[in-house]
Amino acid sequence: FLKKINPDLVISDISPMPFLATNSLKIPSVAISNFSWYDVLNFISRKHQNLLKTFYDYADYALKLPFGTPMDHFKNKINCSLLVRNNTSSKIKLRKELGFTKHDFLITIALGNHNKLFKLNFDDNHKIISFDRNIKTNNKLLYLENWIEGQNIISISDLVICKCGYGLISECIANKIPFYYVYDENHLEQKAMNDELILKSIGKKLSLKNLETNLFSTQSISNYNNQYKEKIDSKKIINIINQLIN
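Rules behind the numbers
- Along each chain, residue indices are assigned from 1 in the same order as the chain's sequence is written.
- Confidence filtering applies because this is a predicted model: local features only for residues at pLDDT of at least 70, side-chain atom pairs given and counted only at 80 or more, and all residues used for totals across whole chains, interfaces and linings.
- Computation of side-chain values covers all heavy atoms of the structure but excludes hydrogens and water.
- Counting from the N terminus, the helices are the DSSP runs of H or I reaching at least four residues and the strands are the DSSP runs of E reaching at least two.
- Remark: exposure states derive from per-residue accessible area (1.4 Å probe, protein chains only) relative to the maximum for the residue type, with buried under 20%, exposed over 50%, and partly exposed in between.
- Should any heavy atoms of two residues lie within 4.5 Å, those residues are counted as being in contact.
- Surface accessibility in these figures is a Shrake-Rupley result with a 1.4 Å probe; residues are shielded only by whichever protein chains are displayed.
- Charge counting follows a simple rule: Lys and Arg are positive, Asp and Glu are negative, and His as well as the terminal groups are ignored.
- To locate a charge, the coordinates of NZ of Lys, CZ of Arg, CG of Asp or CD of Glu are taken.
- Any two strands with at least two DSSP bridges between them are considered paired.
- Lines fitted to C-alpha atoms define the axes, with helix axes restricted to the stretch in contact, and inter-axis angles between N-to-C directions lie between 0 and 180 degrees.
- A crossover counts as right-handed when, viewed with the strands pointing away from the observer, the path leading from the first strand over the helix to the second turns clockwise.
- By convention, a stacked pair of Phe, Tyr or Trp rings (six-membered ring in the case of Trp) has centres within 6.5 Å and planes under 30 degrees apart, an edge-to-face pair has planes over 60 apart, and any other such pair is tilted.
- Put simply, buried Ala, Val, Leu, Ile, Met, Phe, Trp, Tyr and Cys residues joined by side-chain atoms within 4.5 Å make one nonpolar core.

Caption draft 1: The arrangement of the overall build of the protein chain in detail. When helices and strands are counted, the protein chain shows 10 helices and 14 strands. Reported as C-alpha extents along the three principal axes, the dimensions of the protein chain are approximately 60 × 40 × 30 Å. When the 246 residues of the protein chain are sorted by exposure, 48% land in the buried category. Across the protein chain, contacts joining residues at least 24 apart in sequence account for 53% of those joining residues at least 6 apart. Accessible surface, the protein chain as shown: approximately 13300 Å² in total, 51% of it carbon and sulfur. When the 32 positive and 23 negative side-chain charges of the protein chain are each reduced to one mean point, those points stand 2 Å apart.

Caption draft 2: Region of the structure containing the sheet that holds strand β1 (residues 10-12). With parallel pairing, four strands are arranged side by side in an open sheet as β1-β2-β3-β4. The sheet terminates laterally at β1 and β4 (77-79), the two strands that pair on one side only. Averaged over all adjacent pairs, the angle separating strand axes in this sheet is 20°, with direction ignored. Across the sheet, helix α10 (residues 234-245) touches β1, β2 (29-33), β3 (61-64) and β4, and the angle it forms with β3 is around 175°.

Caption draft 3: Representation of the sheet that holds strand β8 (residues 126-130). With respect to topology, six strands assemble into an open sheet ordered β10-β8-β5-β11-β12-β13, the strand pairing being parallel. Lying at the two open borders of the sheet, with one neighbouring strand each, are β10 (141-143) and β13 (204-206). Neighbour-to-neighbour, the strand axes of this sheet turn through a mean angle of 20°, independent of strand direction. Relative to strand β12 (residues 179-182), strand β11 (residues 159-163) runs parallel, the two being bridged by four bridges. Bridge pairing in β12 links Cys 162 to Tyr 181. Against the sheet, helix α7 (residues 166-174) touches β5 (105-110), β11 and β12, its axis set at about 160° to β11.

Caption draft 4: Main features of the pairing of β2. Burial of β2 is extensive: five of the five residues sit out of reach of the surface. With burial as the criterion, each face of β2 is covered, one bearing Ser 29, Ala 31 and Ser 33 and the other bearing Val 30 and Ile 32. In terms of strand pairing, β1 meets β2 through three bridges, oriented parallel. Bridging across to β2, Ile 11 finds its partner in Val 30. Read from β1 through helix α2 (residues 17-25) to β2, the crossover connection turns out right-handed. Pairing between β2 and β3: four bridges, direction parallel. Paired with Ser 33 across the two strands is Lys 64, which belongs to β3.

Caption draft 5: Region of the structure containing the packing of aromatic side chains. Under the defined criterion, the tally for this structure stands at six aromatic pairs. Through a chain of ring-to-ring contacts, the aromatic side chains of Phe 19, Tyr 56 and Phe 74 assemble into a single cluster.

Caption draft 6: Up close: the environment of Met 71. Structurally, Met 71 can be placed in the loop between β3 and β4. Placed 106 residues apart in sequence, Met 71 and Ile 177 show a C-alpha to C-alpha distance of 28 Å.

Caption draft 7: Highlighting the nonpolar core. Counting 37 residues, the largest nonpolar core has Leu 63, Leu 98, Cys 162, Ile 169 and Phe 179 as the members making the most contacts within it. It is α7 that contributes the most residues to this core, five residues altogether. Aside from chain neighbours lying at most four places away, what touches Leu 98 is Ile 129, Leu 142, Leu 144, Trp 147, Ile 153 and Ile 156.

Caption draft 8: A look at the side chain of Glu 196. Tracing the chain through its elements places Glu 196 in helix α8 (residues 188-199). Accessibility expressed as a relative area gives 18% for Glu 196, which makes it buried. Discounting residues that sit within four places of it in the chain, Glu 196 has contacts with Phe 67 and Gly 68.

Caption draft 9: Up close: the pairing of β3. Pairing geometry for β3 and β4, over three bridges, is parallel. Bridged to Ala 62 within β4 is Lys 77.

On their own, these measurements won't tell you what the molecule is for.
This is the structure in structure tokens:
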């Protein structure tokens, strides 16, 4: 495939396999992620760990995003701050389009695919947006499971309840939106993110077990504000990529 299209650059997030191909074809390559599989797959054989490291060594650069594993095994690592999608709609316009007023207290839920049906408890005046069909509540609820520009929904929220994933959490931080997160301790990328979030006192952790017993009341939320400031490095990362192409 790469021989056919002859690209100027290959970017991987964060599969090691493309780097084997780019190395043999002398195509510049970049890894970009908040973690690497070499860091988290610590249960595989040493032989296969070494294969992962060898493939990653072929990457010309690694752009290391925050909240994850060290990625110190890359030979040319550049530490970056947040990489997030820009909002493409104004908050007032989007709330109006979705049927909410600027005064509505809006909570967004994005827990990912779970077989379990979650019945969540909120104050009566809260309005709920969910990216997942497995959420039930007595409040007004709008399902947006096919919505693409999720960063816009995060930006209009007063609170986000989400899985421990880089995309959602980075967008909460960039938009200064308070968030609760749940994580799977058997998912090693999420575990690494959770450890750093706790270290920096960012977000509030919930377990899936106590999700339904928790009351997300205005009173309990009012004292919680996401004050953590993290620089957005999107332009810096784009400039680095442009330099590699040129």
